[in-house]
Amino acid sequence: MSAGPLIASGIGVILLVATAYVLVGGTLATTEVMVEAQNSLVVQQEIRMRTAITIQDATIEGQTLYVDLKNTGSEPIVDVAAIDVYIYRDGTPHYTGDWTVVDISPDDIHPGMLDPGETLFLAVRFEGSSPGYVQVVTGNGVSSSAYVR
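On a predicted model such as this, the values are computed, not experimentally measured, just so you know.

### Looking at the overall build of the chain
- The number of helices and strands found in the chain is one helix and eight strands.
- Start at the N end of the chain and walk to the C end: the helices and strands fall as α-β-β-β-β-β-β-β-β.
- Along the longest, intermediate and shortest principal axes, the C-alpha atoms of the chain span 100 × 35 × 20 Å.
- The proportion of buried residues among the 149 residues of the chain is 27%.
- For the chain, the proportion of contacts with a sequence separation of at least 24, taken over those separated by at least 6, is 60%.
- Within the structure as shown, the chain displays about 9400 Å² of accessible surface, and the carbon and sulfur contribution to it stands at 61%.
- Side chains of the chain give 6 positive and 17 negative charges; the mean places of these two sets differ by 8 Å.

In structure tokens, the structure reads:
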């Protein structure tokens, strides 16, 4: 018997082992990424479930809409700047990025964040006719809406 078939068989086995190693390694890496993404999604959904806001008052003075927004959930709203405000005129929503924080009260814990039980006072500038309805949406998609008095 010649050595050729033995060498070819050995090379074939080595190639099969190397291929299996690459495939298993890639599968494990892909699985790890998928598990991490799933865990991150679950954490974000849990945070969203614990987030709740309520518009306590919405009044107009001139061309400014004042909105009192209370955090009624158990999760702090860390990124206040990520809040979106929509005003409705004649049944049509209008996004307004022209809002400012007037105050957060009380703001003893985590200054600048909207902790549970705290109220965020917003001033929303608008042009044109007065809005009849306002909706405030947090960065994680939780919203509250109210009619304007």
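### Concerning the sheet that holds strand β3 (residues 84-89)
- A sheet is described by the order of its strands in space; here four strands give the open sequence β4-β3-β7-β8, paired in antiparallel fashion. If you trace the sheet from one side to the other, it starts and ends with β4 (92-96) and β8 (143-147), each paired once. For this sheet, the mean inter-axis angle between neighbouring strands, taken without regard to orientation, is 20 degrees.
- Two elements, strand β7 (residues 133-137) and β8, share five bridges in a ladder whose sense is antiparallel. Bridging across to β8, V136 finds its partner in S144.

### Let's talk about the sheet that holds strand β5 (residues 99-105)
- Read from one edge to the other, the open sheet built from four strands follows the order β1-β2-β6-β5, with strand pairing classed as antiparallel. Of all strands in the sheet, those bounded by a partner on one side alone are β1 (53-61) and β5. Averaged over neighbouring strand pairs, the angle between their axes works out to 20 degrees when direction is ignored.
- Note that β1 and strand β2 (residues 64-71) share eight bridges and pair antiparallel. Residue pairing for β2: A58 is matched across the bridge by V67.

### Some thoughts on the pairing of strand β6 (residues 119-125)
- Within β6, five of the seven residues are buried, which leaves it mostly tucked inside the rest of the structure.
- By the bridge criterion, seven bridges tie β2 to β6 in an arrangement that is antiparallel. Its bridge partner lying in β6, D68 is registered against F121.
- Pairing geometry for β5 and β6, over six bridges, is antiparallel. Directly across from W99, in β6, lies its bridge partner V124.

### Quick notes on the pattern of salt bridges
- Evaluation of the coordinates by the stated rule reveals two salt bridges.
- Between E75 and R50 there is a salt bridge; the shortest N-O distance is 2.9 Å. In this pair, E75 sits in the loop between β2 and β3 while R50 sits in helix α1 (residues 4-50), placing the two residues 25 residues apart along the sequence.
- Given a relative accessible area of 15%, E75 falls into the buried group.
- Residue D57 pairs with R149 through a salt bridge whose shortest N-O separation is 2.7 Å. On the criterion of sequence distance, the pair formed by D57 in strand β1 and R149 in the segment after β8 is long-range, its members being 92 residues apart.
- Residue D57 is classed as partly exposed on the basis of its relative accessible area, which comes to 22%.
- The exposure class assigned to R149 is exposed, which follows from its relative accessible area of 66%.

Calculation criteria
- Residues numbered from 1 in each chain as written.
- Predicted model: local features only at pLDDT ≥ 70, side-chain atom pairs only at ≥ 80, totals over all residues.
- Heavy atoms only, no water.
- Helix = DSSP H or I, 4+ residues; strand = E, 2+ residues; numbered from the N terminus.
- Buried < 20%, exposed > 50% of the residue type's maximum accessible area, 1.4 Å probe, protein only.
- Contact = heavy atoms within 4.5 Å.
- Areas by Shrake-Rupley, 256 points an atom, 1.4 Å probe, with all protein chains shown as cover.
- Lys, Arg positive; Asp, Glu negative; His and termini not counted.
- Charge placed at Lys NZ, Arg CZ, Asp CG, Glu CD.
- Pairing = 2+ DSSP bridges.
- Axes fitted to C-alpha atoms, helices over the stretch in contact; angles between N-to-C directions.
- Salt bridge = Lys/Arg side-chain N within 4 Å of Asp/Glu carboxyl O.

These values are about where atoms sit, not about what they do.
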